[in-house]
Amino acid sequence: MAGETVITIVGNLTADPELRTTSAGAQVASFTIASTPRSWNRSTNQFEDGQALFMRCSAWRDLAEHCVQSLAKGMRVIAQGRLQQRSYQANDGSNRTVIELQVDEIGPSLKYATAQVQKMQSGGYQGGNANGGGYQQPQQAQRQSQAPADDPWGAPVGEPDF
């Protein structure tokens, strides 16, 4: 949307994502990503860590469940979303303001790890990109029989899945 601040952050989860349900019935996962910049120091010939940024994050609905099922403390992730600012009154009566990342997309970083992707068969609309954005149409029986057993997407390489 226009006027929103969209950022991408790469870092490690400081704890397992926590899932809760709002009074309206929507599920939300909360977690923190610690992002620490590294730079090369030519005089010492080694990397040095900068000051860490701890970004509080929230993911909603199906994405919340997927985060809880897939992500764990210490995992390196890449998250993209919209910065949200909210103010509240603390228990001690002081007014506070926090900035959080409302996550639209998140996944494990493959820089130092591997991941096994499993496509969800839920059928809900997940986004608006050209490749379906997670929308699941019924799979044809013929296409499934041609798919290799180890193909997590259920379709041969080179064949679009829509």
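Everything discussed here concerns the structure shown above.
Residues numbered from 1 in each chain as written. Predicted model: local features only at pLDDT ≥ 70, side-chain atom pairs only at ≥ 80, totals over all residues. Heavy atoms only, no water.

(A) Quick look at the environment of Ser87. Within the secondary structure, Ser87 sits in strand E7 (residues 76-89). It is 8.9 Å that separates the C-alpha atoms of Ser87 and Ile99, two residues lying 12 residues apart in sequence. Non-local contacts of Ser87, meaning those with residues more than four positions away in its chain, are made with Arg96 and Thr97. In terms of polar contacts, Ser87 uses its side chain to reach the side chain of Thr97, at 3.1 Å. (Helix = DSSP H or I, 4+ residues; strand = E, 2+ residues; numbered from the N terminus. Contact = heavy atoms within 4.5 Å. Polar contact = N/O pair within 3.5 Å; in protein donor to acceptor, adjacent residues only side chain to side chain.)

(B) Geometry of the pairing of strand E8 (residues 95-108). When strand E6 (residues 53-60) meets E8, the two strands line up parallel, connected through three bridges. Considered in E8, the bridge of Cys57 is made with Leu101. Where E7 lies against E8, 13 bridges are found, and the strand directions are antiparallel. The residue bridging Arg82 from the neighbouring strand is Gln102, located in E8. Where E7 folds back on E8, the antiparallel hairpin that results is connected by five residues, among which Gly93 adopts a positive phi of roughly 90°. (Pairing = 2+ DSSP bridges.)

(C) Seen up close, the state of the cysteines. Scanning all chains against the criterion turns up zero disulfides. We note that Cys57 lacks a disulfide partner, and the nearest cysteine sulfur, in Cys67, lies 9.1 Å from it. (Disulfide = S-S within 2.5 Å.)

(D) Looking closely at the packing of aromatic side chains. One pass over the structure, following the stated rule, counts one aromatic pair. With a centroid separation of 5.0 Å and an interplanar angle of 75°, the aromatic rings of Trp40 and Phe47 are classed as edge-to-face. By relative accessible area, which is 48% here, Phe47 ends up partly exposed. (Phe/Tyr/Trp six-rings, centres within 6.5 Å; stacked < 30°, edge-to-face > 60°. Buried < 20%, exposed > 50% of the residue type's maximum accessible area, 1.4 Å probe, protein only.)

(E) Representation of the pattern of salt bridges. Taken as a whole, this structure holds five salt bridges when the rule is applied. Ionic pairing is found between Arg82 and Glu4, a salt bridge with its closest N-O pair at 3.6 Å. Here Arg82 is found in strand E7, whereas its partner Glu4 is found in the segment before strand E1 (6-13), with 78 residues between them in sequence. With a relative accessible area of 18%, Arg82 lands in the buried category. (Salt bridge = Lys/Arg side-chain N within 4 Å of Asp/Glu carboxyl O.)

(F) Spotlight on the pairing of E1. Across seven bridges, the pairing between E1 and E7 is antiparallel. Following the sheet pairing, Gly11 is matched in E7 by Val77. Of the strand pairs in this sheet, E1 and strand E3 (residues 27-35) are connected by two bridges, and their pairing is antiparallel. Its bridge partner lying in E3, Asn12 is registered against Ala34.

Purely geometric stuff here, so don't read any function into it on its own.
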